Amino acid sequence: MNLQAIRVATLALALFVPAPSLAQWTAKAPLPAERFYPVAIADGAQILVTGGSSTWLTEDVTPDSWIYDPHTDSWTEFAPLPTPRMLAVGVLFAGEYYVIGGWAHPSVGSSSRHVESWDPITDTWTEHPILQGPVTIDAELSVAVADEESIILVYEIGGVFRYYPGSAEVVQIGTFPPRPLRLGIAGAMLDGQIYVAGGSATDGNGDALLGVRAFDLATATWSDGAPNRIGRLYAGMVPLHGRLHLLAGASNFYTYDALDAVESYWPDLDAWVIGPTLPQTRWGAATAGVADQLFVIGGASTPTDLTMSPEVHDDVFALEMSAHENVCLCHYPPGNSNKANEICVDSKAAEVHLTKHGDTLGACP
């Protein structure tokens, strides 16, 4: 065999040898205190974390607010949240960090319609008018995203609404398609589409469900996507590098079995890819994406006894995400499909394999 043939054979072999293992989660500087269901808001350079509870009870909600700097791996305390809450949603709009809804101390009325925004320049909070409109106070606010026009709110009961902070006006722009009500859905916006996934039916055994739906802001219509692979509720969904990353959560509404599972949705392929598992299981954690990293912050582990509160944590885990991270798939060699083998390639090459070669995501059957 001549030198050129050896080079060609070596290159061909390299293309079909599984790549090294995917990136792994790493521990970062912990939160200054344990927190359950805090809210995290990322601005592209840092993460605001506020609210949450030191246990899983609303009686123990806290107002503490911190900023995390991923470049220095450090936390800095800022002005406290005026109305302490857990299970709130957060979004960056017009340069300010908005915290909306959630569950407050029973003295406030538990289910909260409070809207407060933090100005990072003055380190002050503004208390906006209580959220009004066609949404009942029992509706659970699950998703808050924003475009240049307004903040968009997605309720598990009621549908999709535009909220205009300047006037406090709330306008309904969409309803959910008919389906069993789900609690604990996750959601995020990417390229003008609001995606929601997971959740648990209220009339079953509490198991988390599969399924993803996208709401097109331009047409105010819903469409179904490929279902996520791992049922979960109260998970985090984070957009990063053109994909949506579904992080942690619980597998059952009644037992709160915490998950360490991570999966990513590729909208252009309508497919899910399983990612590196978290070092520990978590539900009720805050999640965010900033500086090419995914973050899972705080949260709780599975209760050891359903009559007792789960252990609440201060851990922070991060996963470095390349725009072209490796993806493992089952490759079917042309003309020799009975010799399928697992390969790991970068995401750009994976798109070619999946769309042109008939390969499939994940391990070979």
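Everything discussed here concerns the structure shown above.
Presented here is an overview of the structure given in this document. For clarity, every value in this text was computed on a predicted model and none was experimentally measured. (Residues numbered from 1 in each chain as written. Predicted model: local features only at pLDDT ≥ 70, side-chain atom pairs only at ≥ 80, totals over all residues. Heavy atoms only, no water.)

1. Points about unusual backbone geometry
The backbone of Asp-123 sits at a positive phi, close to 55°, despite the residue not being glycine. With respect to the helices and strands, Asp-123 occurs in the loop between β10 (115-119) and β11 (124-128). (Helix = DSSP H or I, 4+ residues; strand = E, 2+ residues; numbered from the N terminus.)

2. Thoughts on the layout of surface pockets
Space inside the largest pocket adds up to approximately 970 Å³. As for the largest pocket, its lining consists of 41 residues, of which Ala-40, Gly-90, Gly-187, Met-237 and Thr-287 are closest to the centre. When contributions to the lining of the largest pocket are tallied by element, the ones reaching two or more residues are β2 (39-42), β7 (89-93), β12 (141-146), β17 (186-190), β22 (236-240) and β26 (286-290). Sorting elements by how many residues they give to the lining of the largest pocket places β12 first, with six residues. Partitioned by chemical class, the residues of the lining of the largest pocket number 30 nonpolar, eight polar and three charged. (1 Å grid on protein atoms, 1.4 Å probe; cavity = no way out; pocket = protein on both sides within 12 Å on 5 of 7 lines; lining within 4 Å. Points joined across faces, edges and corners; volume = space filled by probe spheres on them. Nonpolar A, V, L, I, M, F, W, Y, C, P; charged D, E, K, R; others polar.)

3. What to know about empty space enclosed by the protein
Summed over all chains, the structure comprises two cavities of 30 Å³ or more. The calculated volume of the second largest cavity comes to roughly 30 Å³. What lines the second largest cavity is simply Tyr-234, Ala-235, Gly-236, Leu-247, Ala-248, Gly-249, Arg-282, Trp-283, Gly-284, Ala-285, Thr-287 and Val-296. Taken together, the residues of the lining of the second largest cavity sort by class into seven nonpolar, four polar and one charged.

4. Examining the environment of Cys-364
Along the polypeptide, Cys-364 turns up in the segment after β31 (360-361). For Cys-364, a relative accessible area of 27% translates into the label partly exposed. Linking Cys-364 and Cys-328, residues 36 residues apart in sequence, is a C-alpha distance of 9.9 Å. Apart from residues no more than four positions distant in its own chain, Cys-364 is found in contact with Cys-330, His-331, Ala-340, Asn-341 and Glu-342. (Buried < 20%, exposed > 50% of the residue type's maximum accessible area, 1.4 Å probe, protein only. Contact = heavy atoms within 4.5 Å.)

5. A look at the side chain of Glu-96
Tracing the chain through its elements places Glu-96 in strand β8 (residues 96-100). Buried and unpaired, Glu-96 has Arg-85 as its nearest opposite-charge partner, separated by 12 Å. Among the polar contacts listed, one links the side chain of Glu-96 to the side chain of Ser-117, at a separation of 2.7 Å. With near-sequence residues (within four places) excluded, Glu-96 lies in contact with Val-91, Ser-117, Trp-118 and Asp-119. (Lys, Arg positive; Asp, Glu negative; His and termini not counted. Salt bridge = Lys/Arg side-chain N within 4 Å of Asp/Glu carboxyl O. Polar contact = N/O pair within 3.5 Å; in protein donor to acceptor, adjacent residues only side chain to side chain.)

6. Brief notes about the state of the cysteines
Enumeration over the complete set of coordinates arrives at one disulfide. The residue that forms a disulfide with Cys-330 is Cys-364, at a sulfur-sulfur distance of 2.1 Å. Where Cys-330 bonds to Cys-364 through sulfur, the torsion about that S-S bond is close to 105°, and the disulfide is right-handed. In this pair, Cys-330 sits in strand β29 (residues 326-331) while Cys-364 sits in the segment after β31, placing the two residues 34 residues apart along the sequence. With relative accessibility at 0%, the residue Cys-330 sits in the buried group. (Disulfide = S-S within 2.5 Å.)

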